[in-house]
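These are the residues of each chain, in order.
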Amino acid sequence: MAPQEAAQEPAHTPRRSKITPERAQEFYAAVLDMLRESGYEALTMEGVASRTRCGKSTLYRQWGSKPELVVAALHGTRRVLLSHIDTGTLAGDLREAARAIGAGSGRDTPLMHALSHAALQSPELLCALREALIAPEIAAIEAMVRRGTERGEIPADTPAAEFVSVQLMGVMRARPLLEGKYADEAYLTRFMESAVLPALGLDASAPQ
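Residues numbered from 1 in each chain as written. Predicted model: local features only at pLDDT ≥ 70, side-chain atom pairs only at ≥ 80, totals over all residues. Heavy atoms only, no water.

A.B. asks: I'd love a proper account of the overall build of the protein, names of residues and values included.
C.D. replies: Looking only at helices and strands, the protein has 10 helices and zero strands in total. Scanning the protein from its N terminus toward the C terminus, one meets helices and strands in the order α-α-α-α-α-α-α-α-α-α. Across its three principal directions, the C-alpha atoms of the protein cover 70 × 35 × 30 Å. Out of the 208 residues in the protein, the part that is buried amounts to 43%. (Helix = DSSP H or I, 4+ residues; strand = E, 2+ residues; numbered from the N terminus. Buried < 20%, exposed > 50% of the residue type's maximum accessible area, 1.4 Å probe, protein only.)

A.B. asks: I'd love a proper account of the side chain of Ser105, names of residues and values included.
C.D. replies: Position of Ser105 relative to the elements: it lies in helix H7 (residues 105-121). For Ser105, the contacting residues outside a window of four places in its chain are Pro110, Met172, Tyr182, Ala183 and Asp184. (Contact = heavy atoms within 4.5 Å.)

A.B. asks: I'd like to hear about the pattern of salt bridges, residue by residue, with values.
C.D. replies: One pass over the full model with this rule turns up 11 salt bridges. Across the salt bridge formed by Arg23 and Glu26, the nearest N and O atoms sit 2.6 Å from each other. Taken together, the positions of Arg23 and Glu26, both in helix H2 (residues 21-38) and three residues apart, correspond to about one turn of that helix. Residue classification places Arg23 among the partly exposed residues on the basis of a relative accessible area of 23%. The residue Arg147 makes a salt bridge to Asp93 at a minimum N-O spacing of 3.0 Å. (Salt bridge = Lys/Arg side-chain N within 4 Å of Asp/Glu carboxyl O.)

A.B. asks: So what's going on with helix H4 (residues 56-63)? Residues and values would help.
C.D. replies: Looking at H4, one finds that the buried residues are Leu59, Tyr60 and Trp63. Taken around the axis of H4, the buried residues stretch over an arc of 95°, which confines them to a single face. (Arc of directions from axis to C-beta.)

A.B. asks: Residues and numbers for the nonpolar core, please.
C.D. replies: Ranked by size, the top nonpolar core spans 64 residues in total, and within it Leu35, Val70, Leu74, Leu94, Leu115, Leu125 and Leu200 carry the most contacts. A total of 10 residues in this core trace back to one element, the largest contributor, which is helix H8 (residues 123-150). In this structure, Leu35 is in contact with Tyr40, Leu43, Val70, Leu111, Ala114 and Leu115, ignoring residues within four places of it in sequence. (Core = buried A, V, L, I, M, F, W, Y, C linked by side-chain atoms within 4.5 Å.)

A.B. asks: I'd like to hear about helix H3 (residues 45-52), residue by residue, with values.
C.D. replies: Here H3 has its buried residues at Met45, Gly47, Val48, Ala49 and Thr52. Turning to H3, the residues buried within the fold contact H2, H4 and helix H5 (66-76). Following H3 by one or two positions, Arg53 has its phi on the positive side, about 55°.

A.B. asks: Describe empty space enclosed by the protein, and please don't skip the residues or the numbers.
C.D. replies: Gaps left between atoms are located by rolling a probe of water-molecule size over the structure's atoms. Tallied over the entire structure, the rule returns one cavity of 30 Å³ or more. Approximately 100 Å³ is the volume attributed to the largest cavity. Along the walls of the largest cavity sit Arg79, Leu81, Ile101, Asp108, Met112, Ala132, Leu133, Glu137, Met169 and Met172, which together make up its complete lining. Among the elements of the structure, H7, H8 and helix H9 (164-179) are those that each provide at least two residues to the lining of the largest cavity. (1 Å grid on protein atoms, 1.4 Å probe; cavity = no way out; pocket = protein on both sides within 12 Å on 5 of 7 lines; lining within 4 Å. Points joined across faces, edges and corners; volume = space filled by probe spheres on them.)

A.B. asks: Go over the packing of aromatic side chains, please, and point to the residues and values.
C.D. replies: To describe a pair of aromatic rings, one takes the distance between the centres and the angle between the planes. Using the criterion set out here, one finds two aromatic pairs in the structure. Seen in terms of ring centroids, Phe27 and Trp63 are 5.6 Å apart; in terms of plane orientation they differ by 80°. Their pairing is edge-to-face. Within this pair, whereas Phe27 is found in helix H2, its partner Trp63 is found in helix H4, the two being separated by 36 residues in sequence. On the basis of relative accessible area, Trp63 is assigned to the buried category, the value being 8%. Aromatic rings pair up to connect Phe27, Tyr28 and Trp63 into one cluster. (Phe/Tyr/Trp six-rings, centres within 6.5 Å; stacked < 30°, edge-to-face > 60°.)

And the structure:
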């Protein structure tokens, strides 16, 4: 195939669904790993093809372009870390949330940083990033706060209640920029005990 024909292939080759779900997950894992390593701008379809040992035409037939492949990878690997947490108390739930978010910070923070700039220029990519990494965790944290309010642990009009998810997600992204370190489990637990729980009027002492 001539180089000119290869360059035109993404626009003219019809898509086919010949990739197995297992193989698709291999592509998605490679895409996300490469994003963490080098960022969005450095990611290429050629690079993904080389790492996954497939033809570039296979990727173009299935996904059409780099943005579409990244969006598919985000949706295809979507997971929820916090929805299962329900300790029976708001303080317990939030402590567990801090531990879970911190444990995944080395994986999730580089990915969010890699995609942030590109996502602001692409509504589809921004939507996928929010749906895959951000919205599920925010919804889970808000559910924890809502349960705590319903149990009477905090008043319904507690001013700090609406900022809990912003605090946790924000500090995860901010610490690498400010200190060059991930907001790991130990750091987020200290942050929860020192800032979030006191703001909600909850006992910040570690549970026995």
